[in-house]
Amino acid sequence: MAELKNIMRIDGGVPLNGSIKAQGAKNAALPVMAACLLLKGGTLTLDNVPDLYDINTMRELLKSLGVNIKDLAANKIALEVPEDIKYEAPESLVRKMRASSLVLGPLLARCGKAVMPLPGGCSIGSRPIDLHLKGLVQMGAKIEIRSGVVYAKADKLRGRRIYLDFPSVGATENLMMAAALAHGETIIENIAREPEIDNLASVLGSMGVPIDLEGTGCVRIKGIDEVSSGCDSVIPDRIEACTYILAGIMTGGHITVNNIIPDHIDSILAKLEEAGANFSVSKDSITLFNNNKRLHAVSFRTMPFPGFPTDAQPQMAAALSLAKGVSLIEESVFQARFLYTDELNKMGADIKIKGDTAIINGVEELHGADVKATDLRAGAALIMAGLAAKGITQVSDMVHVWRGYEAIDAKLKSLGARVELLD
Ligand code: EPZ
């Protein structure tokens, strides 16, 4: 991926019109790529893989372990895994991306050992992996943590009944992959129910792993001795899709987002309907009609799926900063996911934080300003605000945005936005 520029300059106030296609989901692609590590001399072929910084980091990590990655076509890759691979994840890559911790379960299950630095915290809170480690210990792993590095060993993991104290997405994914090669059946209860979990179950199924995802927050996996080569596609990115839908609303535009699975954003669509947005839903697209009416205030708490997703919280806050009335957003998943509100207030928003709740007093208009992206979704929210604001906005630290939004400048330009990238 070419080095992308670090500032986006936006000349706001232009309604977005036209249609775009949602990318493959970053948060589905990362775990299913890690699943290739379960192979001993086989290939996992994946389609609809987005071209993002985080995907590149995962490619670097897998290559450092010995996986050979071939580009078969745009957004289509073959992950070729030899008989022998390394089992130590390089610190530089794990520090760069917390999702690197998703190699722990498959490495331990397939190599009998794994060494992985603890992923660091980030601007949205500490990101512990205690639930991942607790589940692996229950499956018979010996785990030691010495100076911030996890040393895990297990001759053969054993299938167990595991109850997750919190429906952690990453813990669910790590334990599902570990269970694939465990001895016997693993039943994991209170699992995450995000669509990305279904995508991982489908990929593991394509590799010959008997999985029963009952859709009731429980999954049964019968461990097998060896997985076989598999082939599957990454689901559309529900968070990227709703980012563009909200940008259409904020700019009073008329846009269609294609290649999505509407069921995956039910909670967001329900909130938008409550707020007075005007849109229609087909089996694989959403069309937003420009009704030039301001949204009216709505309130919600972020929750694990199927609740309102924390990853769409900053974007929804940006949209509600222009709504009529006072909205309350309670962030219940992460400890500190409101850093971006200071930046939005520089643009004329009126947002106060009280504990884990943002109080958003809607204003008629935002004005351009120089702002900084503090994390991936915060950056997206600031770009959306810049598109709606009168005047010029410069969003710096775009490196965060390139982690999760493929070609966001080109997509916005295709919808009529006046954006350019600067060094
Ligand atoms: C995934 O992170 C996503 N990342 C996040 O998206 C998303 O915000 C999050 O799920 C929640 O939906 C990827 O899928 C790569 P969790 P993950 O484990 O797996 C606590 C984005 O913007 N927790 O469900 O790390 C944790 O601290 C990113 O694309 C523990 O306490 O999320 C957090 O408060 C940001 N112990 C909460 O649970 C653990 O062992 C949710 O974490 C694990 C998690």
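Okay, so let's go over this structure.

**With respect to the site of the ligand**
Here is step 1 of the chain: Taken together, 23 residues sit near the ligand, with Asp130, Leu131, Ser168, Asp311 and Val333 positioned nearest.
Here is step 2 of the chain: Separating an oxygen atom of the ligand from a side-chain N or O atom of Lys26 is a distance of 3.0 Å.
Here is step 3 of the chain: Starting from 820 Å² of accessible surface for the ligand in isolation, the protein chains cover 84%.
Here is step 4 of the chain: Looking at the shell around the ligand residue by residue, the class counts come to 11 nonpolar, six polar and six charged.
Here is step 5 of the chain: Taken domain by domain, the makeup of the shell around the ligand includes at least three residues from each of domain 1 (7-23 + 236-422) and domain 2 (26-233).

**A closer look at the environment of Arg238**
Here is step 1 of the chain: Secondary-structure assignment places Arg238 in helix 8 (residues 238-250).
Here is step 2 of the chain: Each residue touching Arg238, except ones within four places of it in the same chain, is listed here: Glu194, Pro195, Glu196, His264, Ile265, Phe305 and Pro309.

**Points about the state of the cysteines**
Here is step 1 of the chain: Applying the stated criterion across every chain yields a total of zero disulfides.
Here is step 2 of the chain: The thiol of Cys36 is not disulfide-bonded; the next cysteine sulfur, from Cys111, is found 11 Å away.

**Observations concerning the sheet that holds strand 12 (residues 218-222)**
Here is step 1 of the chain: Strands sit in the order 9-10-12-11 across an open sheet of four strands; the sheet is mixed. The open sheet terminates on both sides in strands that have one partner only, identified here as strand 9 (161-163) and strand 11 (211-213). For this sheet the average axis-to-axis angle between neighbouring strands, irrespective of direction, equals 10°.
Here is step 2 of the chain: Sheet strands touched by helix 6 (residues 169-180): strand 9, strand 10 (185-189), strand 11 and strand 12. Its angle to strand 12, the strand with the most contacts, is close to 25°.

**Re the pairing of strand 5 (residues 76-81)**
Both faces of the sheet carry side chains from a regular strand, because those side chains alternate between them.
Here is step 1 of the chain: Pairing of strand 3 (residues 42-47) with strand 5, which is carried by six bridges, proceeds in the antiparallel orientation. When the sheet's bridge partners are listed, Gly42 is paired in strand 5 with Val81.
Here is step 2 of the chain: Note: strand 4 (residues 68-73) against strand 5, five bridges, orientation antiparallel. Paired with Asn68 across the two strands is Glu80, which belongs to strand 5.

**A word on the layout of surface pockets**
Remark: the empty space left among the atoms is shown by a probe the size of a water molecule rolled over them.
Here is step 1 of the chain: Its boundaries defined by the atoms lining it, the second largest pocket holds a volume of some 460 Å³.
Here is step 2 of the chain: Around the second largest pocket sit 28 residues that line it, and Ile249, Met250, Thr251, Gly252 and Asn292 are the ones nearest its centre.
Here is step 3 of the chain: Secondary structure elements with two or more residues in the lining of the second largest pocket: helix 8 and helix 12 (376-388).
Here is step 4 of the chain: In terms of residue count, the dominant contributor to the lining of the second largest pocket is helix 8 (three residues).
Here is step 5 of the chain: For the lining of the second largest pocket, the per-class residue count stands at 13 nonpolar, 10 polar and five charged.

**What about the packing of aromatic side chains?**
Here is step 1 of the chain: This structure, assessed with the given rule, holds one aromatic pair.
Here is step 2 of the chain: The ring of Tyr151 is capped by Arg146, whose NZ or CZ atom sits 4.0 Å from the centre of that ring.

**Notes on the sheet that holds strand 6 (residues 113-117)**
Here is step 1 of the chain: Here we have three strands laid out as an open sheet, ordered 6-8-7, and antiparallel in their pairing. Each edge of the open sheet carries a strand with a single partner, namely strand 6 and strand 7 (142-146). Sheet twist, expressed as the average angle between the axes of neighbouring strands with direction ignored, equals 15°.
Here is step 2 of the chain: Both strand 7 and strand 8 (residues 149-153) contribute to a ladder of five bridges, which runs antiparallel. The residue of strand 8 that forms the bridge with Ile145 is Val150.

Thresholds, definitions, all that
- Residues numbered from 1 in each chain as written.
- Predicted model: local features only at pLDDT ≥ 70, side-chain atom pairs only at ≥ 80, totals over all residues.
- Heavy atoms only, no water.
- Near = heavy atom within 4 Å.
- Polar contact = N/O pair within 3.5 Å; in protein donor to acceptor, adjacent residues only side chain to side chain.
- Areas by Shrake-Rupley, 256 points an atom, 1.4 Å probe, with all protein chains shown as cover.
- Nonpolar A, V, L, I, M, F, W, Y, C, P; charged D, E, K, R; others polar.
- Domains from an automatic or database assignment.
- Helix = DSSP H or I, 4+ residues; strand = E, 2+ residues; numbered from the N terminus.
- Contact = heavy atoms within 4.5 Å.
- Disulfide = S-S within 2.5 Å.
- Pairing = 2+ DSSP bridges.
- Axes fitted to C-alpha atoms, helices over the stretch in contact; angles between N-to-C directions.
- 1 Å grid on protein atoms, 1.4 Å probe; cavity = no way out; pocket = protein on both sides within 12 Å on 5 of 7 lines; lining within 4 Å.
- Points joined across faces, edges and corners; volume = space filled by probe spheres on them.
- Phe/Tyr/Trp six-rings, centres within 6.5 Å; stacked < 30°, edge-to-face > 60°.
- Lys NZ or Arg CZ within 6 Å of the ring centre and 35° of its normal.

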